[in-house]
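Descriptive analysis of the structure
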Amino acid sequence: MEERLRTFLQSQIPGATEVAISGLQRRPGGASRESWAFDVSWKEDGKALGRQCILRRDPPASLLNSDKTERSFEFRVLEAMESRPVSAPKAYWLDEKGKWLERPSLIMERVEGQPTPLPTYPSNGDPVIRQRLAPRFVEILAHIHQSDWNALGLSFMGAPKPGTAAAQQQVALWEGAYRNDCLDCVPILDAAFRWLRRNLPATDQVALVHGDYRSGNYLYDGTGRITAMLDWELAHLGDPMEDLGWACMKFWSGGGLAVGLMPRDELYRRYEELTGTSVDHRRVSFYEVLGNVKMATIALTGVKSFCEGKTTHTMLAMVGFMVPRLLADLVSQLDL
Amino acid sequence: MRPHIGDLLRGVKRTFGEVIVPSLTDPFAVEQATFMALVLEHIVARWDQAEEFHRVENTELRQALSEAVERLRSASQERPDVRSLLEAISRRVDEEDAAGHLPRTPETVAQANVALKEYLSKLLECIEDGTGADGASETRRVVHACHAYMKRQLEREREWVRIGEFNW
């Protein structure tokens, strides 16, 4: 891997000499993408240069299928976010087809900070840190949703038309994944998809949606400052209420707080203050149901990869054990 | 004969946790080992209950589907799609009743359950809009019975994953 990386980066920095890779190490986490940390140094016009990097590479199989989360999409979103105050890591280099690094990969800035160990801020975590994280968490979301995606060159992602298209596209995406990429039949999920198809909410708001906006996907430092918002692989153009629904899911509501950070009311209030947009409770509820369905589908996709021997990531064996909890939330939401 | 499977699994789990895991230094390997320890914990607790787990699901599925066929047979006269689905379900349940007396591996039963669950979902999709005014109350009863099965099964599955549960 080290030599592949060196050769790739040599090709990407034409004037560079003495390109050297150090400290290459695969990082824990990252069930959907392999994550490798490394430093690169080189000389250019007699100057010594270097960068601290993260390589995100498609695994042979994962929680998410690559065709839904192309590296090039993620790379272009990261590039676009550089001009926005959303703490996204800088995008450095892209091996779109995996010509150099075996599988599609992107290399981005390695930002200092730690993630929450779970997808929620722990209920026994430092309350002072929580109080600092919460407002910034909402502020970044507001900045993402207020991005002029057209001006940022993100219209290639495909904007849904006004009406129910945004919701319909997401339901179709995840129902397709469930039908094609899961080994089991789950009648509760089938019922949930039928409910979603019958209850598509309409909106004329189209925004850049992060797609996985929750604790566990940001880094923060010892003072409670969010240093980076990560995992943009599910970003798309859609209904901004989708990110709110995802963040409000019971599945990661630590101690009854949305993503372990703040009560739902506070999240709504801060969001409305920052965006000037009223939170549509009905749409948020719809996207909470979709969120449970999406998370269950992601887990079941991972289980299939494991059962078919397409991955050695043992976590994918265990994610299926999360599904009953998600289904219990669906039973309650749909009043089955 | 000893050691039997439970002895072996417990022994491997012990060695893994007390020898292998502490010797690892690479963070990614440590993470993988942690997941493997969870897998082993689950297998040690559940390996000898798997057959019963799938068999109970199989029995309940056959009961729920048989009841649906009985209740909806007359009500579905105006709905050829429902009628043909009920016939297919009836045949599948009969096959499963016959196979139920034969020795089968847990995986075989689980696979059969997938087919039965697909029929259950198809049936619900078909009848949720009703089977006609005459059959409205029977349809409601069937939907209710199917949902009751789904919730019982969910409770069993929640209990099943309690050991080795992965809290992401």
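Criteria and thresholds
- Residues numbered from 1 in each chain as written.
- Chains lettered and ligands numbered in written order.
- Predicted model: local features only at pLDDT ≥ 70, side-chain atom pairs only at ≥ 80, totals over all residues.
- Heavy atoms only, no water.
- Domains from an automatic or database assignment.
- Buried area = accessible area lost by both parts, 1.4 Å probe.
- Salt bridge = Lys/Arg side-chain N within 4 Å of Asp/Glu carboxyl O.
- Contact = heavy atoms within 4.5 Å.
- Polar contact = N/O pair within 3.5 Å; in protein donor to acceptor, adjacent residues only side chain to side chain.
- Helix = DSSP H or I, 4+ residues; strand = E, 2+ residues; numbered from the N terminus.
- Nonpolar A, V, L, I, M, F, W, Y, C, P; charged D, E, K, R; others polar.

All names here are of chain A. Entries for chain A in the domain assignment read domain 1 (2–10 + 21–109) and domain 2 (127–334). Summing both sides of the interface, domain 1 and domain 2 together bury roughly 2600 Å²; the carbon and sulfur share of this comes to 66%. Our enumeration of links across domain 1 and domain 2 arrives at two salt bridges. Between Glu233 and Arg56 there is a salt bridge, with the nearest N and O atoms lying 2.2 Å from each other.

A few words now on the interface of chain A and chain B. On the side of chain B, 31 residues touch chain A, which itself brings 35 residues to the contact. Carbon and sulfur atoms supply 67% of the area buried between chain A and chain B, which totals about 3100 Å² over both sides. Its largest share of buried area at the contact with chain B, chain A owes to A:Arg194, A:Met318 and A:Phe321, together 21% of the area lost on that side. Taken together, the connections running from chain A to chain B amount to four salt bridges. Linking B:Glu128 and A:Arg194 is a salt bridge whose minimum nitrogen-to-oxygen distance equals 2.9 Å. At the junction of chain A and chain B, the tally comes to nine residue pairs in polar contact (both at pLDDT 80 or more). Counting only elements with at least two residues in the side of chain A that touches chain B, the list comes to strand 1 (17–26), helix 5 (187–198), helix 9 (315–318) and helix 10 (323–334) of chain A. Of all the elements, helix 5 of chain A adds the most residues to the side of chain A that touches chain B, at seven residues. Classifying every residue of the side of chain A that touches chain B gives 21 nonpolar, five polar and nine charged.

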